[in-house]
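Coordinate inspection notes
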Amino acid sequence: MKEKSKRTKFLSEYSYIAVYVIILIVYVITNHGLTMSGFMNIFRHSAVIGIIGFGMGLICLTGDIDLSVGSMLALVSGFSVVIFNMTDNILLTFLFAVGFGAVCGLMVGYGKIPAFIATLATMLIYRSFAQYYCQHIDKNLIGGGSSVYRMANANTLYQAMYNMGNGKVLTVPIVGILLIAVTIIFVYLTTETKYGKQIYAVGSNAKAARMTGIVVDKVKVSVFVIAGALVGLASFVWIAMNASADPATTGSS
C-alpha cells in the first residue's frame, strides 16, 4: 500500500513527463521514425519557447499570468534588429534585448492593475507599437524598407550572429545548449534558494507570506522583470536564428 502511494505521488508530481513521452511517441509514429538530426531540430526550435516558458512559469507560481510575452517578443526582437543594424555589435544587441525586455516586464509588474488586465493591454500595445515603428522608422535601419525588421547582411558581424543562432557543438545546437543552461539555473533558483521559496509562498498564500515578512509586491514585480529579461534573451536568440523579426507574426501563436 505504501509503495502504491509512492507511485501515485510520483505520477501526480511528474505527470508532465508522461505527457511529453506520449507526444514524442505519437510524433515518432506519424513521422515514421525520428533521426538524431530531427530530434536536434526539435531541440533547436524549442529554445525560444522554452526560455520564455521559464519566465512565464515564475509568474504562474505567484498566481499571476502574463498574456503579453508573444507581443513583447515581437517588439523586443524588432528593436534589437534596429540596434544591431545601428551598432554592428553583438554584445550591445544582447544587452539591449535583455535590458529592454526587463523594462517591459517592470512596466507590467510595477503597476497596481491586475496582471490579467494589464498584460491584455500591453499585448495589444507592444505589437501595435512594433508594427507602427517598423513602418515609420528610417528604412535603412530595418533592411530594404520592408514591413519586417531585417538584420543588415552588410554588417561585418552579421554572419557571426547568424552562425551563433544556427551553429552546433558536436551536433547539439548552440541555442539548445543555452536552453539547457537556463533550465539548470532556474531549476536551482526555484528549488534551492530562499528567493525560490518566497515565490512558492506568495503563490500559495499571499496573505500568509506577507505575515511571515515576505515583501509580496517586490516578489511579484521581480518575477515580471525576470520574465521580461528572459523574453529579451529569447528575442536575441530569435533574431540570431532568423536574422529578422516580423511584428505581425512573431510570437503570435
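The paragraphs below set out a description of the structure included in this document. (Residues numbered from 1 in each chain as written. Predicted model: local features only at pLDDT ≥ 70, side-chain atom pairs only at ≥ 80, totals over all residues. Heavy atoms only, no water.)

A closer look at helix H11 (residues 216-242)
In an α-helix, one turn spans 3.6 residues, which is why side chains three or four residues apart end up on the same side. Counted at 1.5 Å a residue, the expected span for H11 with its 27 residues is 39 Å, and the 39 Å between its end C-alpha atoms agrees. Along H11, 20 of the 27 residues are buried, which leaves the element largely enclosed by surrounding structure. Of the residues trailing H11, alanine 243 is marked for its positive phi of about 60 degrees. (Helix = DSSP H or I, 4+ residues; strand = E, 2+ residues; numbered from the N terminus. Expected span 1.5 Å × (residues − 1). Buried < 20%, exposed > 50% of the residue type's maximum accessible area, 1.4 Å probe, protein only.)

With respect to helix H3 (residues 36-61)
Alanine 47 marks where H3 bends most, by close to 45 degrees. Buried within H3 we find Met40, Arg44, Ala47, Val48, Ile51, Ile52, Gly55, Leu58 and Ile59. Residues of H3 that are buried in the fold lie against helix H4 (69-87), helix H7 (158-166), strand S3 (172-173), helix H8 (174-192), helix H9 (194-204) and H11. Looking at the residues trailing H3, positive phi occurs at glycine 63, about 90 degrees. (Bend = angle between axes of the 7 residues up to and from the residue. Contact = heavy atoms within 4.5 Å.)

A word on the packing of aromatic side chains
For the structure on display, the rule yields nine aromatic pairs. Here the aromatic rings of phenylalanine 79 and phenylalanine 100 are separated by 5.7 Å at their centres, their planes lie at 10 degrees, and the arrangement is stacked. With phenylalanine 79 in helix H4 and phenylalanine 100 in helix H5 (residues 90-110), the pair connects residues that are 21 residues apart, well separated along the chain. Site record: aromatic cluster; members linked through ring pairs are Phe79, Phe96, Phe100, Phe129, Tyr133 and Tyr149. (Phe/Tyr/Trp six-rings, centres within 6.5 Å; stacked < 30°, edge-to-face > 60°.)

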